[in-house]
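Single-letter residue listing:
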Amino acid sequence: FITLAVSYNLVNGFCGVLHLGPNAFIAIGAYTSALLTMTPAEKQLNFIIEPLIWPLSVIQVPFLVSLLAAGIFATVFAYLISFPVFRVRGDYLAIVTLGFGEVVRVLCNAFQGVTNGPLGLKGLAPHTNIWWTWGVAVITVLLIARLINSSWGRAMKAIREDETAARAMGVDPYRHFLLGFLISAFFSGVAGGLLAHLITTISPTLFTFFLTFNLLIMIVVGGLGSTTGAVIGAALFAWGGEALRIVERPMDFGAFTIPGIPGMRMVVFSLILMVVIIFARRGIMGRNELNWDRLLRAGRQ
């Protein structure tokens with residue numbers, strides 16, 4: 001979640017582009033990594049209706065190589081769709097990216113010989129552990145933080161504030177949008193590979209718009225335009241979703257008992273999000289970052 005939120009925030013928060021298609025990159029990364037790490041025997045057991053196409057049917061690579069391939073394939077797809085995507089702006093751009101996200105999900109259903117269609121892929125090796133997840137998350141945060149503090153990052157912020165003024169100062173919006181889009185796609189693809197080997201089973205239903213909606217909640221609650229906020233939003237979403245499971249259990253208050261209501265945790269979670277948005281409209285961090293200088297100043301006070 002941290003890897004996804006931080007990379008997604010690069011486009012939405014720092015470039016100021018409403019991008020609603022990260023589920024496409026996550027799906028591409030998940031299927032790429034899964035197909036590359038499965039043994040030929042496992043692939044044969046999964047593809048019972050239509051055999052997997054060659055050479056995917058005989059290829060098997062280490063987990064690290066599969067993650068890099070997942071990121072690269074997601075980046076290539078992002079580059080191909082960037083030409084129609086960045087010809088429009090605003091709500092139209094959001095609709096176009098949303099459409100590509102749905103196209104990828106539908107293709108995952110249709111390409112039986114590549115993705116196994118609605119049956120999905122099962123029995124993946126559980127390679128993803130705390131070292132992989134936190135390692136990738138730390139690398140993502142460090143690299144994107146360096147990018148944001150560079151001249152490229154300052155140009156992205158300038159475009160976000162006023163694209164016309166930035167263009168007048170010699171900044172090329174397309175190049176900077178494309179850079180943010182490709183970097184975000186790469187880390188989304190890597191995160192998709194980690195996700196596939198964490199839950200060990202994937203299918204097209206996992207990569208619906210609901211996944212994008214969850215990421216949007218994380219970066220909005222944390223603060224659009226804040227890497228620290230994206231990390232906090234992702235952590236709160238992951239932890240809060242599990243901590244609130246208690247409200248779905250039967251609760252005994254002595255005189256009366258409240259039966260467990262399935263799905264109640266999402267109702268409570270939604271109410272909490274509404275309160276956060278009402279009283280902190282720019283999110284928890286706004287556009288501020290948590291750094292050592294800020295911590296030292298707070299300690300002196």
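In the block above lies the structure referred to throughout.
Residues numbered from 1 in each chain as written. Predicted model: local features only at pLDDT ≥ 70, side-chain atom pairs only at ≥ 80, totals over all residues. Heavy atoms only, no water.

**Notes on the packing of aromatic side chains**
Consideration 1: All told, the structure shown has 11 aromatic pairs when counted by the stated rule.
Consideration 2: With centroids separated by 6.0 Å and ring planes inclined at 70°, the aromatic side chains of phenylalanine 25 and phenylalanine 77 adopt a geometry described as edge-to-face. Of this pair, phenylalanine 25 sits in helix H2 (residues 22–37) while phenylalanine 77 sits in helix H4 (residues 63–85), and the two are 52 residues apart along the sequence.
Consideration 3: Ring centres 6.2 Å apart and planes at 85° place the aromatic pair phenylalanine 86 and tyrosine 174 in the edge-to-face group. Taken as a pair, phenylalanine 86 in the loop between H4 and helix H5 (91–110) and tyrosine 174 in helix H10 (residues 173–199) lie far apart in primary sequence, 88 residues in all. (Phe/Tyr/Trp six-rings, centres within 6.5 Å; stacked < 30°, edge-to-face > 60°. Helix = DSSP H or I, 4+ residues; strand = E, 2+ residues; numbered from the N terminus.)

**Description of the pattern of salt bridges**
Consideration 1: Tallied over the full model, the rule gives five salt bridges.
Consideration 2: Close ionic contact of arginine 287 with glutamate 161 constitutes a salt bridge, the shortest N to O distance being 2.5 Å. Here arginine 287 is found in the loop between helix H13 (264–279) and helix H14 (292–300), whereas its partner glutamate 161 is found in helix H8 (residues 151–161), with 126 residues between them in sequence.
Consideration 3: Given a relative accessible area of 40%, arginine 287 falls into the partly exposed group.
Consideration 4: Here the residues in one salt-bridge network are Arg89, Glu163 and Arg167, joined through shared partners. (Salt bridge = Lys/Arg side-chain N within 4 Å of Asp/Glu carboxyl O. Buried < 20%, exposed > 50% of the residue type's maximum accessible area, 1.4 Å probe, protein only.)

**Some details on helix H12 (residues 227–243)**
Consideration 1: Compared with the 24 Å implied by 1.5 Å per residue over 17 residues, the 24 Å span of H12 between its first and last C-alpha is a close match.
Consideration 2: All of the buried residues in H12 are Thr227, Thr228, Gly229, Ala230, Gly233, Ala234, Phe237, Gly240 and Gly241.
Consideration 3: Check the buried side of H12 and you find it contacts helix H1 (2–14), helix H7 (130–148), helix H11 (209–222) and H13.
Consideration 4: For H12, the side-chain oxygen to backbone nitrogen distance between the N-cap and glycine 229 is 2.9 Å, and the N-cap itself is serine 226. (Expected span 1.5 Å × (residues − 1). Contact = heavy atoms within 4.5 Å. Polar contact = N/O pair within 3.5 Å; in protein donor to acceptor, adjacent residues only side chain to side chain.)

**Here's the deal with the layout of surface pockets**
Consideration 1: Considered as a void within the structure, the largest pocket measures approximately 640 Å³ in volume.
Consideration 2: Lining the largest pocket are 21 residues, and of these Phe1, Ile2, Leu4, Leu195 and Leu198 sit closest to its centre.
Consideration 3: Counting only elements with at least two residues in the lining of the largest pocket, the list comes to H1, H7, H10, H11 and H12.
Consideration 4: The biggest single contributor to the lining of the largest pocket is H10, with four residues.
Consideration 5: Looking at side-chain class alone, the lining of the largest pocket contains 15 nonpolar, six polar and no charged residues. (1 Å grid on protein atoms, 1.4 Å probe; cavity = no way out; pocket = protein on both sides within 12 Å on 5 of 7 lines; lining within 4 Å. Points joined across faces, edges and corners; volume = space filled by probe spheres on them. Nonpolar A, V, L, I, M, F, W, Y, C, P; charged D, E, K, R; others polar.)

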